[in-house]
Amino acid sequence: MKPRSSRIAATAAAVVVLAGAATACNRGSATDSAAGGKPALGIDLPRADSDFWNSYAQYVKQDATAQGLNTLPVSNSQNDVTKLVANVQVFQNTGAKAVVMAPQDTGAIASTLEQLSAKKIPVVSVDTRPDKGNVYMVVRADNKAYGTKACEFLGKQLGGKGKVAELQGALSSVNGRDRSEAFAACMKENFPDIQVIELATDWKGDVASAKLQSTLAANPDLGGVYLQAGGVFLQPTLALLQQKGLLKPAGQPGHIAIVSNDGIPQEFDAIRKGDIDATVSQPADLYAKYALFYAQAAAEGKTFQPGATDHQSTIVSLPNGLEDQLPAPLVTKENVDDKSLWGNGVGK
């Protein structure tokens, strides 16, 4: 058993050390001869049809290089759990000592997590929390807070009255459920005179656009829209409103208030133009940074405990592991130019 101070010294050059780190035991079997003896890490990207996840992919590449990690060829499961399972099998066959994934269907991945656990291959899950199956660490923001922040913002924008369309993510995903449940609870408690029109989309932009079009036809007095994922919903939503002559700048009569989730550069540009009013910034940069940090730590046999970290987050206990809940600020016209927001720095 190595003391905490020696662990910090051994890893400080590669990663930011978390205050939540506890005891660490090195496993001799968790090292490879490649990359200076560092263990091999398997990384699966969840999809390539979202600006948010494409930004995350950029950060993964940058951080893996910056941290000098030994990564196997990165795969992309393309929002298909069958492909994710196959990609993970490749990681097992090629010597992965830890796996980073972001399962979009959080219920269907349980058996794969059980298989990895049986083989003592720890898993870091990014942005989504698997419903069942052991995970070493979930790197995620508080998604219930996303729904609550969106509700509070829209409720105030509408003065507590009117109609709001909610473009929900997949309800098979814990993120879709958390955001939807929190948004509904907040509206019921704080803005009972606002009618929420729930539109399930399965995280698909074309489905969102079609359902929003029907909603607008039936509800010409629609006052607001909540986009649970700006990376897939922003462009089709703005295109539809533009086509219908409903894309009025914020502050002008007829403006439909819009709050989004993700924090991508396109959302920031839309806020500056007045096309949308706000977004909750999911930390794509921190998702990548700490996913890789935890994967490396897991492969080296280190453990963590619940509690505050030194990066403004809190590690909490789950029935099937731990979760590092990263901060996700609300972005409006008042702070959209803040250079500390990842959406203002990605790709630069």
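Our subject in this report is the structure included herewith. (Residues numbered from 1 in each chain as written. Predicted model: local features only at pLDDT ≥ 70, side-chain atom pairs only at ≥ 80, totals over all residues. Heavy atoms only, no water.)

## Quick notes on the pairing of strand β11 (residues 257-262)
For the record, the criterion: Exposure classes here rest on a 1.4 Å probe applied to the protein chains alone. A residue is buried below 20% of its type maximum, exposed above 50%, and partly exposed in between. Note on conventions: DSSP H or I runs of at least 4 residues are helices, E runs of at least 2 residues are strands, and numbering of each starts at the N terminus. At least two DSSP bridges between two strands are needed for those strands to be called paired. Handedness of a crossover is defined as follows: orient the strands so they point away from the viewer, and if the path from the first strand over the helix to the second runs clockwise, the crossover is right-handed.
Most of β11 is tucked away, with 6 of its 6 residues classed as buried. Of the two faces of β11, the one holding A257, V259 and N261 and the one holding I258, S260 and D262 are both buried throughout. One ladder, built from 4 bridges, connects strand β10 (residues 224-227) with β11; its direction is parallel. By the bridge assignment for β11, Y226 is matched with V259. The parallel pair β10 and β11 is bridged by helix α8 (residues 230-243), and the resulting crossover is right-handed. Where β11 meets strand β12 (residues 278-281), 4 bridges bridge the pair, whose relative direction is parallel. By the bridge assignment for β12, N261 is matched with V280.

## Topic: the environment of V139
Here is the rule: Here a residue-residue contact requires only that any non-hydrogen atoms of the pair lie within 4.5 Å.
Counting through the fold element by element, V139 comes out in strand β7 (residues 137-141). Looking at V139, the relative accessible area reads 0%, which means it is buried. Spatially, the C-alpha atoms of V139 and V100 are 10.0 Å apart, while their sequence positions differ by 39 residues. Setting aside anything within four residues of it in sequence, one finds V139 in contact with V124, S125, V126, D127, L286, Y287, Y290, A291, Y294, D324 and L326.

## Section: the environment of P220
You can see P220 is positioned in the loop between α7 (205-218) and β10. For the pair P220 and L246, spaced 26 residues apart in the sequence, the C-alpha separation amounts to 9.9 Å.

## A closer look at empty space enclosed by the protein
Our working rule: Each cavity reported here is a set of points on a 1 Å grid over the protein atoms alone in which a 1.4 Å probe fits but cannot get out, each pocket an open set with protein on both sides within 12 Å along at least five of seven lines, and each lining residue one with an atom within 4 Å of a point. Grid points are joined across faces, edges and corners, and a volume is the space filled by probe spheres set on the points. Classification used: nonpolar for Ala, Val, Leu, Ile, Met, Phe, Trp, Tyr, Cys and Pro, charged for Asp, Glu, Lys and Arg, polar for all others including Gly.
A complete count under the given rule lists 1 cavity of 30 Å³ or more for this structure. Taken as a whole, the largest cavity holds about 140 Å³ of empty space. In terms of lining residues, the largest cavity is bounded by 16 residues, among which W53, Q104, D127, W203 and A229 are the most central. Mapped onto the lining of the largest cavity, the elements with two or more residues apiece are α2 (51-66) and α6 (174-190). For the lining of the largest cavity, the per-class residue count stands at 5 nonpolar, 7 polar and 4 charged.

## Notes on the nonpolar core
Rule in force here: By convention a nonpolar core is built from buried Ala, Val, Leu, Ile, Met, Phe, Trp, Tyr and Cys residues, the set being connected through side-chain atoms within 4.5 Å.
One finds Y56, Y287, Y294 and F304 to be the most contacted residues of the largest nonpolar core, which totals 56 residues. No other element matches helix α10 (residues 284-299), which puts 12 residues into this core. Excluding its chain neighbours within four sequence positions, the residues that come into contact with Y287 are F52, Y56, V126, D127, V139, R140, A141, Y146, Q282 and L326. Counting residues in hydrophobic clusters, the runner-up holds 28 residues, among them A170, V232, L234 and L240.

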